Amino acid sequence: MSLIPYALSRSVLFRLDPEAAHDLTIAMLARTQNTLLACAYGNSRVEDPVTIAGLRFPNRVGMAAGLDKNARCIDGLGAMGFGFVEVGTVTPLAQPGNARPRMFRLPQAQALINRMGFNNDGLEAFIANVQRATFRTRNGAPMLLGLNIGKNAVTPIERATDDYLTGLAGVYPHADYVTINISSPNTKNLRALQSDEALDALLGAIAAKREALAQEHGRRVPVFVKIAPDLDEPQVQVIAATLQRHGMDGVIATNTTLSRDAVQGLRHAEETGGLSGSPVLQASNRVIRQLRAALGPGYPIVGVGGILTAQDAVSKMEAGADLVQIYTGLIYRGPALVREAALAIRKRFRNP
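Residues numbered from 1 in each chain as written. Predicted model: local features only at pLDDT ≥ 70, side-chain atom pairs only at ≥ 80, totals over all residues. Heavy atoms only, no water.

1. Focus: the overall build of the protein
Then, number 1: A tally of helices and strands in the protein yields 11 helices and 13 strands.
Then, number 2: A compact globule built from 352 residues should have a C-alpha radius of gyration of about 20 Å, and the protein, at 19 Å, falls within 12% of that.
Then, number 3: Projected onto the principal axes, the alpha-carbon positions of the protein cover approximately 50 × 50 × 40 Å.
Then, number 4: The burial tally for the protein puts 59% of its 352 residues in the buried class.
Then, number 5: Across the protein, every contact between residues at least 6 apart in sequence was considered, and the portion connecting residues at least 24 apart equals 73%.
Then, number 6: A total of about 14400 Å² of accessible surface is found on the protein, and carbon and sulfur atoms cover 54% of it.
Then, number 7: Charge-centre separation for the protein: the mean point of 37 positive side chains lies 6 Å from the mean point of 30 negative side chains. (Helix = DSSP H or I, 4+ residues; strand = E, 2+ residues; numbered from the N terminus. Rg over C-alpha atoms; globule rule 2.2 N^0.38 Å. Buried < 20%, exposed > 50% of the residue type's maximum accessible area, 1.4 Å probe, protein only. Contact = heavy atoms within 4.5 Å. Areas by Shrake-Rupley, 256 points an atom, 1.4 Å probe, with all protein chains shown as cover. Lys, Arg positive; Asp, Glu negative; His and termini not counted. Charge placed at Lys NZ, Arg CZ, Asp CG, Glu CD.)

2. As for the layout of surface pockets
Then, number 1: As a volume, the largest pocket reaches approximately 810 Å³.
Then, number 2: If you go around the largest pocket, you meet 34 residues; those closest to its centre are Y6, S9, L13, M28 and P335.
Then, number 3: For the lining of the largest pocket, the secondary-structure elements that each account for two or more residues are α1 (6-13), α2 (18-32), β5 (103-106), α10 (328-333) and α11 (336-348).
Then, number 4: When residues of the lining of the largest pocket are assigned to their parent elements, the largest contribution, eight residues, is made by α2.
Then, number 5: For the lining of the largest pocket, a count of residues per class yields 23 nonpolar, seven polar and four charged.
Then, number 6: By volume, the second largest pocket is sized at about 280 Å³.
Then, number 7: In this structure, the second largest pocket is lined by 19 residues; those nearest its centre are D75, G78, A79, F135 and R138.
Then, number 8: A per-class count over the lining of the second largest pocket returns seven nonpolar, nine polar and three charged. (1 Å grid on protein atoms, 1.4 Å probe; cavity = no way out; pocket = protein on both sides within 12 Å on 5 of 7 lines; lining within 4 Å. Points joined across faces, edges and corners; volume = space filled by probe spheres on them. Nonpolar A, V, L, I, M, F, W, Y, C, P; charged D, E, K, R; others polar.)

3. Let's talk about the sheet that holds strand β6 (residues 111-114)
Then, number 1: The three strands lie next to each other as β5-β6-β11, forming an open sheet whose pairing is antiparallel. Of all strands in the sheet, those bounded by a partner on one side alone are β5 and β11 (274-277). Averaged over all pairs of adjacent strands, the angle between their axes in this sheet comes to 25°, without regard to strand direction.
Then, number 2: Strand direction decides the pairing type here: β5 and β6, joined by four bridges, are antiparallel. Bridge pairing in β6 places R105 opposite L112. (Pairing = 2+ DSSP bridges. Axes fitted to C-alpha atoms, helices over the stretch in contact; angles between N-to-C directions.)

4. Examining the environment of L37
Then, number 1: Mapped onto the elements, L37 comes out in the loop between α2 and β1 (50-52).
Then, number 2: Taking the relative accessible area as the measure of exposure, L37 reaches 59% and is therefore exposed.
Then, number 3: C-alpha separation for the pair L37 and N152, spaced 115 residues apart in sequence, amounts to 36 Å.

As far as function goes, none of this settles anything; it's purely spatial.
Structure follows, in structure tokens:
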């Protein structure tokens, strides 16, 4: 159990600008991971092993991409009890992202809006940080690491595949799985890659590159694709068919939403960007149910979006997810949510 109640930390952090609070948290985790100070936020990991996409996950609760864009805090996040941690999104070249302010809290709705725009230090720095992480050297089953890749803002959408192939080649030797992020609303035209022809071309190229990399490195790294919640059922069905046609190993559902229906009238509700947190839960679960119906049993689905309680995590599993991820819930609830969610999932879905 964390030594410092998160409510105390949150009271300080929530007095700061949201991005300043984020940067301070990342810096603190980077400095204290692998030291005795990590006891301030560490949790014992709930053991609930499950094999998904050929990978053995220590438990079903993961850290979603977006919090640790530069892979600086892999060990610190792992200390919170996650079964897997996903870092990024990383782009081939460093980029500043969108203009500030670009992150906003909606505390009445337990939500955030961000328009960060894939701000990151680039692929070379990202890989160097991944290589410094020590979680794989510890005794016992290590958590798993997902590396999330995207395209640079200056890359024309018709050349987006080039960026994804560069990213895939760079992270492949270091990842337990790789996520193709085509669903951020904060990079111009990125979500157009979810359309049938564009997705078919992108995933065809990804599949071919992955096979070449598997031959080169002597191991086949699973590839997941992260999609948006703002899709109708026919779009979900097309995506599901395309994922299967190109041999993608799983799908992450979902990213942030552009909808503001659940937060109308709240301060910052009209800010441009993706909405995350509690208001996304039902939309994300709807997409998960549609994906499960389209993909059938056995195809890996990672559910993310709106997990603020243990029951929210269970609801994603009941909708059809095999694993879940947390982001905004960690900001509002702290590390205790990781353990609560993992315990609730283990109790409800204990392996025979």
